[in-house]
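Topology and contacts: notes
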Amino acid sequence: MSNRGEQKLLKQSTVLMFAVAIAGIVTGFISGSESIMFDGFFSLIATFIKVLMLITAQLIAKESNQRFQFGFWHLEPMVLLIEGSFLLLIAIYAFLNGVFGIINGGRDIELGLVIVYAAVFTVVEFAYYFWVKRKNRKLKSTLIQFDNVSWLVDAMLSVGLLISFVTALLLKQQGYAQWAAYVDPGILILLALSMLAPAFKILKPALRDVLGIVPDALDDKVRDVLEEMSARHGFEGYKTYVQKHGRARFIEIHIVLPAGYPLTSVKTLDALREEISGLLGAADSARWLTISFTGDRKWIA
């Protein structure tokens, strides 16, 4: 994965999202639409999250140092956790705001302006989302993948706004202006509910990484490889530990060799390490692999 390409996309995404945020806030203020205002503030918060992601990508690209000897991989799930938490909080706020709006009799807004806003940004945001998704097939960046979720959510918000405001306009034209006033708070509630799934999609894996929960798929793969190696080379036992922080995988393997195991030189152990590494998949900068050998089980406890 090209970290330079990742940083370039994150910078571009940050600038564009900030422009969308300003447009939404200004349009919402002029039109009196709280759902448009909400869309703008969501984009503004997303902009700050993108800045954090960009800083994280820059730190990950750096070498480890004495203070952070395993690098900065642990920052990636922390940033994603912040993003997911913000999404969840915004959704709760929007839902409550919409409910109170309906209780208070709805809102009368300038429909012409907000329809143009929603139509333009529906096209722009969906186009950018699919373009970034295509670019990330080559980059394979977790940060870009979850960062792009904000564009999908924003595009969904714009679609919902467009449909709702067109519906409100039709209601006004048919003489049901009193019902049109409920469209803005009503769509705010629906938008809030639609944001819950993306929020939890980000929160779940990020929370697992921050809490240090064992990644089951990686753990199973490492165990399968060691079972195969034990059967092939006659290992007396082994102990494995795995951990995941964002895209970084930390794998620690301790192997017990039986008494009298034929060791001609250190190269014999290195050959075993190379074989295990190959079975685990292609090595990359995000994989930390440690393999040790002993003849005493107490060293693997």
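All values derive from a computational prediction rather than experimental measurement. (Residues numbered from 1 in each chain as written. Predicted model: local features only at pLDDT ≥ 70, side-chain atom pairs only at ≥ 80, totals over all residues. Heavy atoms only, no water.)

Considerations on the pairing of strand β1 (residues 237-245)
In this sheet, strand β2 (residues 248-256) lies alongside β1 in antiparallel orientation, the contact comprising nine bridges. Within the sheet, the bridge partner assigned to Lys-244 lies in β2 and is Arg-249. (Pairing = 2+ DSSP bridges. Helix = DSSP H or I, 4+ residues; strand = E, 2+ residues; numbered from the N terminus.)

With respect to the side chain of Ser-277
Mapped onto the elements of the fold, Ser-277 is located in helix α10 (residues 266-280). By relative accessible area, Ser-277 is classed as buried at 14%. In this structure Ser-277 touches Arg-287 and Leu-289, once residues within four positions along its chain are discounted. (Buried < 20%, exposed > 50% of the residue type's maximum accessible area, 1.4 Å probe, protein only. Contact = heavy atoms within 4.5 Å.)

Side note on the packing of helix α5 (residues 142-173) against helix α7 (residues 183-194)
Between α5 and α7, the least distance of the axes is 10 Å, while the angle of their chain directions is 155°. Considering the angle they form, α5 stands roughly antiparallel to α7. In this structure, α5 meets α7 at a crossing whose hand is right-handed. Facing α5, whose interface residues are Met-156, Leu-157, Gly-160, Leu-161, Ser-164, Phe-165, Ala-168 and Leu-171, α7 presents Val-183, Asp-184, Ile-187, Leu-191 and Ser-194. For the contact of α5 with α7, the residue count by class is nine nonpolar, three polar and one charged. (Axes fitted to C-alpha atoms, helices over the stretch in contact; angles between N-to-C directions. Parallel < 35°, antiparallel > 145°, perpendicular 65-115°, else oblique. Left-handed = near helix turned anticlockwise from the far one by under 90°. Nonpolar A, V, L, I, M, F, W, Y, C, P; charged D, E, K, R; others polar.)

Brief notes about a positive patch on the surface
A cluster of basic side chains, namely Lys-8, Lys-133, Arg-134, Lys-135, Arg-137, Lys-138 and Lys-201, defines a positive patch on the protein surface. The element that contributes the greatest number of residues to the positive patch is helix α4 (residues 111-139), accounting for five residues. (Patch = residues over 30% accessible without salt bridge, like charges linked within 9 Å, V, L, I, M, F, W, Y side chains within 5 Å. Areas by Shrake-Rupley, 256 points an atom, 1.4 Å probe, with all protein chains shown as cover. Salt bridge = Lys/Arg side-chain N within 4 Å of Asp/Glu carboxyl O. Lys, Arg positive; Asp, Glu negative; His and termini not counted. Charge placed at Lys NZ, Arg CZ, Asp CG, Glu CD.)

What to know about the UniProt feature "transmembrane region" (unreviewed entry) in the chain
According to UniProt, the "transmembrane region" (unreviewed entry) feature falls on residues 12-30, 36-57, 78-103, 109-131, 151-171 and 177-200. With 100% helix and 0% strand, residues 12-30 has end C-alpha atoms that lie 28 Å from one another. With 100% helix and 0% strand, the stretch residues 151-171 has end C-alpha atoms that lie 30 Å from each other. (UniProt positions renumbered as here; feature names shortened; annotations may be inferred.)

Section: the pairing of strand β3 (residues 287-294)
With eight bridges joining them, β2 and β3 adopt parallel strand pairing. Of the residues in β3, the one forming a bridge with Ile-255 is Phe-293.

Notes on the packing of aromatic side chains
Scanning all chains against the criterion turns up seven aromatic pairs. Members of the aromatic cluster, each reached through a chain of ring pairs, are Phe-126, Tyr-129 and Phe-130. (Phe/Tyr/Trp six-rings, centres within 6.5 Å; stacked < 30°, edge-to-face > 60°.)

Quick word on α5
Under the 1.5 Å per step criterion, the end-to-end length of α5 is 47 Å for 32 residues, consistent within 8% with the ideal 46 Å. Its side-chain oxygen placed 3.0 Å from the backbone nitrogen of Ile-144, Ser-141 serves as the N-cap of α5. Positive phi appears at Gly-175, one or two residues downstream of α5, with a value of about 90°. (Expected span 1.5 Å × (residues − 1). Polar contact = N/O pair within 3.5 Å; in protein donor to acceptor, adjacent residues only side chain to side chain.)

Quick look at the environment of Gly-160
On the secondary structure map, Gly-160 appears in helix α5. Separated by 84 residues in sequence, Gly-160 and Lys-244 place their C-alpha atoms 37 Å apart. Those residues in contact with Gly-160 that lie beyond four places of it in its chain are Ile-187 and Leu-191.

A few points about the pattern of salt bridges
Counted by the stated rule, this structure contains five salt bridges. When the shortest N-O distance is used, the salt bridge between Arg-232 and Glu-275 registers 2.2 Å. Residue Arg-232 is found in helix α9 (residues 216-233), and its partner Glu-275 is found in helix α10; the two are separated by 43 residues along the sequence. Taking the relative accessible area as the measure of exposure, Glu-275 reaches 23% and is therefore partly exposed. Taking the shortest distance from any N to any O, the salt bridge between Arg-273 and Asp-270 comes out at 3.0 Å.

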